[in-house]
Structures are given as structure tokens and as C-alpha cells.
Amino acid sequence: MIFSTELLIQTLLSGLMVGVLYALMALGITFIYSIVKTINWAMGEFYMIGSYIQFVAVHFLLGPSWWWLAAILAAAGTFLLGLLLEPILLKPMYARPLQRRDDYATVVTIALLLLLRNLAVALGGPNQYRPESNLPVVWIGPLPQEGARVAACLFAVLALGVFWLVIKKTWVGLALRAAAQNRVAVQTAGVDVYRLDAVAFAIGVALAGFAGALLAPVFMVFPTNGAVTTVKGFEIIVIGGLGSIPGALVGGLLLGLIESLGAAFISSPYQNVYGFLLVILILIIKPNGLFGERGREA
Amino acid sequence: MATPLPDAPRPDAPLLEALGLSKRYGGLIANNGVTLRLARGEIRGLIGPNGAGKTTLVNLITGIETADAGRIRLGDVELSGRPAHAIAAHGLIRTFQVARVFESLSVRDNLLLPFLAAGSPGGLGAGRARLAELLALSTLAALADDRAGTLSGGQRMLLQACAGFMVPGVSLHVLDEPFAGINPVVKDTLIQLIRRENESHACTFLIVSHEMDIVRRLCPIVSVMIEGAIAAEGRLDEVARRADVIAAYLGGNAP
């Protein structure tokens, strides 16, 4: 392994680019948790659905030039699916108060994970697909970057911006921020917290669906492609702290950088190990994560 | 039985009518057939020793908890069994004994939320005007952009009350122990706010409190709760002379 400035910059760039996508995924997990107070274990399956929507839209309907429209369709499709599923699957744990809410949510979302994954196998077979991409190689200085990756990164940044605007500038965003702090008080302020749950869930899974669509040409489309991203998402949650939005962003970038640096300068077959080393390190030094305030109650 | 005309004004009809509310927690009967009627524009005090079921009653009326039995009407609207947010949307707003403000939101956003949740009646301009007015009256104007988490306990109580006042057309405010543990200056500000909302917006209040001197000043009529039921109603000085009320507060057996 020869060290060079160019290799370092290339590595940092690719780490940041994939890190932004990781952050999108982690943001979805952490956002749903902050409102609905449960972890959606089927997050990766919404990533998977997003990637299938992207493939079907690009390959059969729109063509590779309209990849961006396909990605928006994927986000919209997963958003609607989330809006539909949340009241059926998760609302009962609040509407009929349960003793062990976390357990209920865990079982329900893992069941959903299995259902969606097997549905993908039944509909598309165990095959790998790849939506065509006609994006040219982008040169950043002397460094060539895969066009689809650059586009994915830029659109992920855009999605983060839209998310920020919705949360900070709209009244739904205000209600969501309030609900994250106190579910009872937000109801006495006249807000239907169950509808808010559905919206938060839909926004969260739409972030995953959008990430899946953007990464479809890079990481391929197949029934279990969400599994790896879910694991990364939870690594980031541990690093950044559950329920923390800055934690999701910083953790995502950090994980992308460390994986990329490790792969380039240590050994590339162990790419997935470096993230876990970071997770273990964080658990030793700061068990609640970089931005986490409290641990999960048992 | 003749059907009353739907929009026939009945000024003498109670604004709030709670009939036979009961709530049981395991073996403990917290509310045992509570009946409470409030007239429009009234400021009613609700007093009683600790554990008499005052907060339970407030929770039942505002939909935080569901009654085992009984009915609640606000004006012409049946509220029994409705979720808390729907009850709030119908104009029955409450505060909590331990002020529940949104700590990481600004004071301004805390006030805007209930207004926006009500669908911004009268437009955002009307909301801003009301916001400025309440900020001034509550003496929180200088803190409008601070996070509510930085406020003192008394200021939080003011903020919580004002958040309720932000919803136009609110007909009933239920304040659970608004004066507990806050300093005298803030108390006076809150009393003035309550009086002003009552006079200028014809708001009705149900105020749970242990502070007898404030209750005496604010509330022409008080209801006394003892052991999960309304034991007496009337002027504070009258009910305070009743033997059963004295016994409930001081212990011993009622004659």
C-alpha cells in the first residue's frame, strides 16, 4: 500500500459520499424513534422497496435519464406505504395501552421485515437487478468519481435540506418537535398525536426509501439489500446516540469515513469491521453515543 | 319529550355538564359519581384535601383518562369518550400541575403551537397579534426567543396558561394547581391574566387550588371534593364552615 495525497483525498471523498447516504438511513431510524418511541426494525426493507421502485421506474417506465424522478417516486411511494402501515401496525400499542410497548413494536416490525423481504422474493425472484445509469464520470480535480455515487450524494444532501426545512419551518415540523418532547402535552395543545405518529413514520421510511433508490445503481437491487444498510443505520445510532438528529448526521459521516479509510489504508476485505470497532470504542468511552442524552430504558 | 331547537340560545344552560363521572384504579375509587356543572363565564374553584380525586376529575374532563362511567358535555357537544386532542379542539383546554412546556422549543413556538393546531383561526396575523399581547401581559416578552427549558417554574406556569389562551374561542380553561410553588409576583400576574381572559373573552375557568386566599379572591363559588365526590358547593367562607369539610381537611369523623 503506497500512501499518496491523491489516494487520501479520493478516500475521504468516497467516505463522505457514502456517509451522507448512511446518515439519511440513520436519520430515518432516529426520527421515528424520537416521535413514536419505538425502533422500526423493518427500516432496511423500506430501503429495499425504494430500490425496487427505482429499478422498475427506470428500467420499464421512465428510462435512465429520468432517474431523479424515479427516486422522488420511490420516496413518495415509501412515504405513502408508511402512512398506510403505521396506523395498522403501531397505533394499537398506544390506542390500547400495552404493558410492554417496546416488545410489541419489535415483534411487529420484525414480522413486517420478514413479510416484505419474502414478498420481494415472490415478486422479483432472488435475482440482482441494476437500474441503468447514464450519468458520466465526474472529475473532482484529477480524481474520477462514479457519476451515480456523486448524484446519490448530492440528492441525499438535498433530502437532508428538505427534511430540515420541514422540521424547522412548517407547522407540522413544529408539532413533530413538540411531540418528540411530550406526547401528552401535544395532545392537550389540540394536536392529534396518532396522526403525527403516522406522519413521522412515513417521513422516516421515506428517507430510507429515497436512500435505497439513490444507491440502487451502486449497491444493486435484491431482496436483502436492506439488511446491510439497516446494520449500518444502527451502528450510526450507537455512535451518534439514539433520538439525536445531529448524532445521526455526524455518526453517518464518521462511519463512511472510517470504513473508507480503513479499506484504503489497512485492508479492504475488512471494510465492515472498522465500523464495529468504532462502535465498540464508543460503547466503552461514551455508552449513550456522541450526542445521546440517556440510555434506552429496559 | 320535545326536541329542543338546535340553535335556540339557552343562556341558563351550563357550559360544562359532567354527570356521574366515576373512575376506579384497581381497588381505589378515585372518582365516585362526580357531577359538576359550570355556568358560562364563571370562575369556579375546585378544592379538597390531597387524594380527594381533584386531578382525576380534571383528567376525566379533559380526556387524558377515560371515565368508567358518566357523561361530559361542553355546550352542545358530547365529549365522553373523545380523545384528548379532540376535546382540546372543542375548546376545553387544561394546564398541568407540573407545567408541561416544550423545553427545547422557544417560548414563542410554545405559544404558536396550539394556535396552529387549531387551524390558525383568523389567519397568522391574528395569531401574531395575540401572541404579542399575551407575551406582554405575561411579562415573558423579553424571553420570547429563549428556550422554554430556561424558564423558572412560575414562568413555565404562565407560559402554559398563555398557550391555552392562544386558542381563540376557547370556552373552558381547566387549571390544575396553577399557583403551587410559584413566587408572589408571578402569582399576581397569573391572577390578572385569568381575570382579563374571563372579562374580555368570556372564558370560563375551573381552577384546582390549595391557595385559599387566591381562591377566595378569584372564585365566587367553589366546589369541595372529598373522597372522590363533590361534598359541597357555595361561597368559600360558607363551605369552609361546614363540619364535613372541616373534618375532611383536619381529620376526624363528620357528624
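Residue and element names in this part refer to chain B. Ordered by their spatial adjacency, six strands build an open sheet running β6-β7-β8-β3-β9-β10, and the pairing between neighbours is mixed. Unpaired on one side and paired on the other, β6 (92-95) and β10 (229-234) mark the two borders of the sheet. Direction aside, the axes of adjacent strands within the sheet are offset by 20 degrees on average. Where β6 and strand β7 (residues 172-176) come together, four bridges link them in parallel fashion. Residue pairing in the sheet places R94 in a bridge with V174 of β7. Across the sheet, helix α6 (residues 184-200) touches β3 (43-47), β7 and β8 (204-208), and the angle it forms with β8 is around 155 degrees.

A separate point is the interface of chain B and chain A. On the side of chain A, 16 residues touch chain B, which itself brings 17 residues to the contact. In total, about 1,600 Å² of surface goes out of reach between chain B and chain A, with carbon and sulfur atoms giving 70% of it. For chain B, the biggest contributors to the area lost against chain A are B:H85, B:F102 and B:L113; these three give 35% of the whole. There are one salt bridge connecting chain B and chain A. Residues B:D109 and A:R177 are paired through a salt bridge, measuring 4.0 Å at the closest nitrogen-oxygen approach.

With respect to burial, helix α3 (residues 107-117) of chain B is a largely interior element, ten of its eleven residues being buried. Among the residues of α3(B), B:V107, B:D109, B:N110, B:L111, B:L112, B:L113, B:P114, B:F115, B:L116 and B:A117 are the ones counted as buried. In this fold, the buried residues of α3(B) make contact with α7 (171-181) and α8 (183-188) of chain A together with α4 (123-137) and α5 (153-165) of chain B. Where α3(B) ends, the next residue or the one after it, B:G119, has phi of about 85 degrees, a positive value.

Here chain B averages 86 in pLDDT, while 94% of its residues score no lower than 70. Below a pLDDT of 50 lies the segment residues 1-9 of chain B, which in the model reaches one contact outside its immediate sequence neighbourhood of four places, other chains included.

All right, on to the pattern of salt bridges then. All names here are of chain B. Counting across every chain of the model gives 22 salt bridges over all chains. A salt bridge links R73 to E78; the nearest nitrogen and oxygen atoms lie 3.6 Å apart. Exposure remark for R73: the relative accessible area of 22% places this residue in the partly exposed category. Using a relative accessible area of 29% as the deciding quantity, one classes E78 as partly exposed. With a shortest N-O distance of 3.0 Å, D237 and R216 are connected by a salt bridge. With D237 in helix α8 (residues 236-239) and R216 in helix α7 (residues 212-218), this residue pair connects regions lying 21 residues apart in the sequence. Classification of R216 as partly exposed rests on a relative accessible area of 45%.

Here is what the cut-offs are and how they apply
Residues numbered from 1 in each chain as written. Chains lettered and ligands numbered in written order. Predicted model: local features only at pLDDT ≥ 70, side-chain atom pairs only at ≥ 80, totals over all residues. Heavy atoms only, no water. Pairing = 2+ DSSP bridges. Helix = DSSP H or I, 4+ residues; strand = E, 2+ residues; numbered from the N terminus. Axes fitted to C-alpha atoms, helices over the stretch in contact; angles between N-to-C directions. Contact = heavy atoms within 4.5 Å. Buried area = accessible area lost by both parts, 1.4 Å probe. Salt bridge = Lys/Arg side-chain N within 4 Å of Asp/Glu carboxyl O. Buried < 20%, exposed > 50% of the residue type's maximum accessible area, 1.4 Å probe, protein only. pLDDT = per-residue confidence, 0-100.

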